[in-house]
Amino acid sequence: MAGMIKSSFLTLVVWLTAAMMSASVSASPRILSLDWTQTETLLALGITPVAVAQKADYNSWVKAPSIPDKTVDIGLRTQPNMERLAELHPDKILISPIFKAMKPKLSTIAPVSSIPLYESGLSWTSLKTVTRQIAREANRPEAGETLIANAKQQLASLRDTIPGEQPPLLMIQFLDANHVRVFGTNSLYHATISELGLNNAWQNTTNSWGFSMVSTRELLDLDAQLVIVRPLPAGVEQTLQTNMFWQYLVKRTGHTPLMIDPVWSFGAIPSALRFARLVTAALTEQGGQA
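Residues numbered from 1 in each chain as written. Predicted model: local features only at pLDDT ≥ 70, side-chain atom pairs only at ≥ 80, totals over all residues. Heavy atoms only, no water.

Taking an unreviewed UniProt entry as the reference, the chain is identified by name as ABC transporter substrate-binding protein belonging to Salinivibrio siamensis. What UniProt records for the chain under Subcellular location (unreviewed entry) is the sentence "Cell envelope". What UniProt records for the chain under Sequence similarities (unreviewed entry) is the sentence "Belongs to the bacterial solute-binding protein 8 family." (UniProt positions renumbered as here; feature names shortened; annotations may be inferred.)

Draft legend 1. Looking closely at the overall build of the chain. If you tally the helices and strands in the chain, you get 11 helices and 10 strands. Looking at the chain as a whole, 46% of its 290 residues qualify as buried. Put simply, of all contacts in the chain between residues at least 6 apart along the chain, 62% involve residues at least 24 apart. Accessible area of the chain: about 14600 Å², with a carbon and sulfur share of 54%. (Helix = DSSP H or I, 4+ residues; strand = E, 2+ residues; numbered from the N terminus. Buried < 20%, exposed > 50% of the residue type's maximum accessible area, 1.4 Å probe, protein only. Contact = heavy atoms within 4.5 Å. Areas by Shrake-Rupley, 256 points an atom, 1.4 Å probe, with all protein chains shown as cover.)

Draft legend 2. Spotlight on the pattern of salt bridges. Counted by the stated rule, this structure contains six salt bridges. With its nearest N and O atoms 3.4 Å apart, the salt bridge here joins Glu87 to Arg84. In this pair, Glu87 and Arg84 both sit in helix 4 (residues 82-88), three residues apart, roughly one turn of the helix. Residues Arg230 and Asp261 are paired through a salt bridge, measuring 3.5 Å at the closest nitrogen-oxygen approach. Placement of Arg230 in the loop between strand 9 (225-229) and helix 9 (236-242) and of Asp261 in the loop between strand 10 (258-260) and helix 11 (269-289) is noted, with a sequence separation of 31 residues between them. Relative accessible area serves as the criterion here: at 27%, Arg230 is assigned to the partly exposed category. The class of Asp261 is partly exposed, set by a relative accessible area of 37%. (Salt bridge = Lys/Arg side-chain N within 4 Å of Asp/Glu carboxyl O.)

Draft legend 3. Here's a closer look at the packing of helix 6 (residues 124-137) against helix 7 (residues 141-161). The contact between helix 6 and helix 7 brings their axes to 7 Å, and the two run at 150 degrees. Comparing their axes, helix 7 and helix 6 come out roughly antiparallel. Crossing of helix 6 over helix 7 shows right-handed handedness. Touching Trp124, Lys128, Thr131, Arg132 and Ala135 of helix 6 are Pro141, Gly144, Glu145, Leu147, Ile148, Ala151 and Leu155, all from helix 7. (Axes fitted to C-alpha atoms, helices over the stretch in contact; angles between N-to-C directions. Parallel < 35°, antiparallel > 145°, perpendicular 65-115°, else oblique. Left-handed = near helix turned anticlockwise from the far one by under 90°.)

Draft legend 4. Inspection of the sheet that holds strand 8 (residues 211-215) at higher detail. Here we have five strands laid out as an open sheet, ordered 8-7-6-9-10, and mixed in their pairing. The sheet terminates laterally at strand 8 and strand 10, the two strands that pair on one side only. When strand polarity is set aside, the average angle formed by the axes of neighbouring strands in this sheet is 35 degrees. In terms of strand pairing, strand 9 meets strand 10 through three bridges, oriented parallel. Residue pairing across strands places Val229 opposite Ile260, the latter belonging to strand 10. Its contacts with the sheet put helix 8 (residues 188-195) on strand 6 (169-176), strand 7 (179-183) and strand 9, and the angle it makes with strand 6 is roughly 155 degrees. The strands touched by helix 10 (residues 244-253) are strand 6 and strand 9; relative to strand 9, the strand with the most contacts, the crossing angle is about 130 degrees. (Pairing = 2+ DSSP bridges.)

Draft legend 5. Structural view of unusual backbone geometry. For the bond from Ala64 to Pro65, the omega torsion is 0 degrees, close enough to zero to count as cis. Relative to the elements of secondary structure, Pro65 occurs in the loop between helix 3 (55-61) and strand 3 (72-73). Of the consecutive residues Arg230 and Pro231, the connecting peptide bond is found in the cis state with omega at 0 degrees. When you line up the elements, Pro231 lands in the loop between strand 9 and helix 9. Even without glycine at this site, Gln54 takes up a positive phi of about 50 degrees.

Draft legend 6. Local environment of the side chain of Ser265. Inspection of the secondary structure assignment puts Ser265 in the loop between strand 10 and helix 11. Of the residues examined, Ser265 reaches a relative accessible area of 4% and is grouped as buried. Setting aside its immediate chain neighbours within four residues, Ser265 contacts Tyr118, Gln173, Phe183, Leu188 and Tyr189.

Draft legend 7. Summary view of the confidence of the model for the chain. Looking at the chain as a whole, the pLDDT averages 89, with 89% of positions reaching at least 70. Across residues 9-26, where pLDDT falls below 50, the model places four contacts with residues more than four positions away in sequence or in other chains. (pLDDT = per-residue confidence, 0-100.)

Draft legend 8. Region of interest: the sheet that holds strand 4 (residues 92-95). Reading across the sheet, the five strands line up as 3-2-1-4-5 and stay open at both edges, with parallel pairing between neighbours. In this open sheet, the two edge strands, each paired with only one partner strand, are strand 3 and strand 5 (112-114). Across the face of the sheet, helix 2 (residues 36-44) comes into contact with strand 1 (31-33), strand 2 (51-52) and strand 4 while running at roughly 140 degrees to strand 1.

Listed below in structure tokens is the structure:
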């Protein structure tokens, strides 16, 4: 009997120890995120930040994953409300290198981690690296691996639905009726379509954020499928309908431009998946109409 009691006691001790270790590993710190790329990644990992910056603008530009109502908005990314931030007592603050000037002040409230994405050029490999870094900061490395694996699976599935041979894609955002951002080989959009087996028509040099700012006239000789990413500046969509040069450019491509909903062009895997789904849907719909 004594042996059975001792055995049961040891079993209970082992179980409690394992449970405590599991709870310690799975418990996520209360994180404040200033950068939308980190915010969308945390949400995709199943972690709700205690606070974020510019919640309304995130909902306009990034769209998904959506930020829960309980998450506090602490103001501008460049000028967060420090008093409100201090009241929230976060365990950790995540920023990107572009906000590094705020690190000394933020560090008086909680430890600050700066996670780069574009410093050495963006690729699918760098997207996975950033995902793993954010997952480690949140004490959820296994969630990072799950997100990466699920993304690979989703992209492979989407790739199989794209009809036939596709021309290179020319992915743009309008600045005004005559000027655009065009996304090159070190952009999120390029990394995404490469995983879909599609090519990028823009092979010229870009800035460190993965795009070039050019006149629409510089797009004239490109044999490509135009992909226009919303939002468009006020009045531009109406202007393009009567802009003779734009109409000529579209005719030269031989393809009806694809217009897709906003995607955060400086995002990580969640934005990449959103872009992949929207592009695939547009190409599939166009193929069905051909």
